Each structure stands twice: as structure tokens, then as C-alpha cells.
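# Coordinate inspection notes
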Amino acid sequence: MSRLNFAIGKLILLLFEAAVGVVLLINPIGFATVFVTVVGVLLAAVGLMFILQYFRSEPTEAQKGQGLLKGCCALLVGLFCALNTQWFIDAFPLLTVIHGIVILFTGIIRLQWTADMLRLKLKRWYIAAGGAVISIVLAVIIFVNPFGVSQAIWTFIGITFLVDALADLAVLIFSGRREKKSTKQEIDIPEENTDSKETE
């Protein structure tokens, strides 16, 4: 059940990533504005909840939870995001670098998967290797930043989301098939040993 829940959660995350990529391709600036505004409103709401919970709690419990500090920080960050969406648009180059770091880290994780599959002599290791290469190449392109127009960068980021989601989906599918096959082999081996002992 835990593996199934992990696979479902991963699939939902991939679908969300693909949806973000599509929306970025259609209307990147509008998406960024709405996304930052929604995040800001949610953070502000969470901050207010922390503050209210602080004053409703007993003094000793409130002191341990530090709800007032957390609430004020979340409220201030939320208001900043909701009221200053243009700041995030102007700071897009920095956000692009952060996105590139995340993709590069994902590529390194897939590289680890590839090395593990090769050492274990498992088939279809090239799926993970292909995903690693794609992620690393996309990260390098983002770091180089050959585009001069902000709109083009947003479009490229949308493409990276889509490609990265497809690569993750391929790795998830083939790794799931590999786990089923290995589990079946583990179940079959004891049965063969039992039959041989009974024959003796």
C-alpha cells in the first residue's frame, strides 16, 4: 500500500507539473501573477490562523508554539506576495536560476538511479539515464540563459516543466514494472526450493 500511495502521489505531482508547463506556455505572465497572488493570500490566511491560535492557547503552550512569531512572518510574507506581484516578475532571472538548480538536482537524483540500476544489472536503465541527461541539459541551458526576452524565458520554463514531467512519468512507469517483475521472481524462488526438498 505504501508503494501504491507513493506512486499515486508522484503521479498527481507529475500531472500538476505538466499543467503548470501548459499554462506557462499559454499565458506565462498572467499565470505568474495569479500564482503569486494566490500564494500570498494563502500565506496571509495561515498567518492569521497562527496568530488567533496563539491568543486562544494557554500562555505556556503558546510560548512553546511560538505562534505569534510564525503568524506575523507568514502574514507579512503573504501580504508582500499579494500586493507586490510585479516585484516577482521583475525578479524573474533569480527565480529562473532557482528553477534551474531544482532541475539540476533532479537530474543528479536520476543519475543516482541510473548508477544503481547498472550496478544491479537491471534492464531499462537507459530510461533513467535519459531522464538524467534531459534534466542536466535543461538546467545548463537555464543557467546560460541565451534568451534576451522575458517572454521567451517563461515559454522555455514551461517547456522544461513538460519535458521534466514526461521524463519522470517514463521513469515511474518502467520502475514500477521492474518492481513487479522482481517481486514475482522473489515469490517464485521459494516455491522451487520447496518442490526440490519434497522430491528429495
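Thresholds, definitions, all that
- Residues numbered from 1 in each chain as written.
- Predicted model: local features only at pLDDT ≥ 70, side-chain atom pairs only at ≥ 80, totals over all residues.
- Heavy atoms only, no water.
- Phe/Tyr/Trp six-rings, centres within 6.5 Å; stacked < 30°, edge-to-face > 60°.
- Core = buried A, V, L, I, M, F, W, Y, C linked by side-chain atoms within 4.5 Å.
- Buried < 20%, exposed > 50% of the residue type's maximum accessible area, 1.4 Å probe, protein only.
- Helix = DSSP H or I, 4+ residues; strand = E, 2+ residues; numbered from the N terminus.
- Contact = heavy atoms within 4.5 Å.
- Expected span 1.5 Å × (residues − 1).
- pLDDT = per-residue confidence, 0-100.
- Disulfide = S-S within 2.5 Å.
- 1 Å grid on protein atoms, 1.4 Å probe; cavity = no way out; pocket = protein on both sides within 12 Å on 5 of 7 lines; lining within 4 Å.
- Points joined across faces, edges and corners; volume = space filled by probe spheres on them.
- Nonpolar A, V, L, I, M, F, W, Y, C, P; charged D, E, K, R; others polar.
- Polar contact = N/O pair within 3.5 Å; in protein donor to acceptor, adjacent residues only side chain to side chain.
- Patch = residues over 30% accessible without salt bridge, like charges linked within 9 Å, V, L, I, M, F, W, Y side chains within 5 Å.
- Areas by Shrake-Rupley, 256 points an atom, 1.4 Å probe, with all protein chains shown as cover.
- Salt bridge = Lys/Arg side-chain N within 4 Å of Asp/Glu carboxyl O.

### Thoughts on the packing of aromatic side chains
The tally for this structure, following the rule as stated, stands at 3 aromatic pairs. For the ring pair Tyr54 and Phe55, a centre distance of 5.1 Å and an interplane angle of 80° mean the geometry is edge-to-face. Ring geometry for Trp125 against Tyr126: centres 6.2 Å apart, planes inclined by 75°, an arrangement best described as edge-to-face.

### Section: the nonpolar core
Core analysis: the largest hydrophobic core is formed by 13 residues, its most contacted members being Leu24, Ile103, Ile142, Trp154, Ile157 and Phe161. Mapped by element, the contributors of at least two residues to this core are helix H1 (2–26), helix H6 (92–119), helix H7 (125–144) and helix H8 (150–199). In terms of residues, this core owes the most to one element, H8, which gives 4 residues. Every residue in contact with Ile103, bar those within four places of it in the chain, is listed here: Ser135, Leu138, Ala139, Ile142 and Thr160.

### Thoughts on helix H2 (residues 28–56)
Helix length check: H2, at 29 residues, gives a terminal C-alpha distance of 42 Å against a target of 42 Å (1.5 Å per residue), a fit within 8%. For H2, every residue scored as buried is listed here: Pro28, Ala32, Val36, Gly40, Ala44, Gly47 and Ile51.

### A short note on unusual backbone geometry
Across residues other than glycine, the phi torsion is negative in most instances, and most of the peptide bonds are trans. Here the phi dihedral of Gln66 falls at roughly 55°; this positive angle occurs in a residue that is not glycine. Turning to its location among the elements, Gln66 is positioned in the loop between helix H3 (59–65) and helix H4 (67–83). The exposure class assigned to Gln66 is partly exposed, which follows from its relative accessible area of 40%.

### A look at H6
When the terminal C-alpha atoms of H6 are compared, their 41 Å separation across 28 residues agrees well with the 40 Å that a helix rising 1.5 Å per residue should span. Regarding H6, the residues found buried are Phe92, Thr96, His99, Gly100, Ile103, Thr106, Gly107, Arg110, Thr114 and Met117. The positive-phi residue at the C-terminal boundary of H6 is Lys121, with phi of around 55°.

### Digging into the confidence of the model for the protein chain
Counting all residues, the mean pLDDT for the protein chain is 76, and 78% of those residues have values of 70 or more. Element-level mean pLDDT values for the protein chain span from 62 in H8 up to 90 in H4. Note that residues 191–200 has pLDDT below 50 and, in this model, 0 contacts with residues that lie over four places away or in other chains.

### A closer look at the environment of Ile109
Along the polypeptide, Ile109 turns up in helix H6. When the C-alpha atoms of Ile109 and Ala132 are compared, they prove to be 7.6 Å apart, with 23 residues separating the residues in sequence.

### A word on the state of the cysteines
Overall, the coordinates contain 0 disulfides when judged by the stated rule. Of all cysteine sulfurs in the structure, the one in Cys73 sits closest to Cys72, which takes part in no disulfide; the separation is 7.0 Å. The class for Cys72 is partly exposed, based on a relative accessible area of 33%.

### Remarks on the layout of surface pockets
Size it by volume and the largest pocket reaches roughly 840 Å³. Surrounding the largest pocket, 32 residues form its lining, Val20, Leu95, His99, Val102 and Phe161 being those nearest its centre. Contributing elements (two or more residues each) for the lining of the largest pocket: H1, H2, helix H5 (85–90), H6 and H8. Per element, the largest residue contribution to the lining of the largest pocket is 11 residues, and it comes from H6. Classifying every residue of the lining of the largest pocket by side-chain character gives 23 nonpolar, 4 polar and 5 charged.

### Quick look at the side chain of Thr106
Tracing the backbone shows Thr106 in helix H6. Separated by 2.9 Å, the side chain of Thr106 and the backbone oxygen of Val102 make a polar contact.

### Thoughts on a nonpolar patch on the surface
A contiguous nonpolar patch, built from Val22, Leu25, Ile26 and Ile159 and spanning about 350 Å² of accessible area, is present on the exposed surface. Of all the elements, H1 adds the most residues to the nonpolar patch, at 3 residues. Relative to the helices and strands, Val22 resides in helix H1. Exposure remark for Val22: the relative accessible area of 38% places this residue in the partly exposed category.

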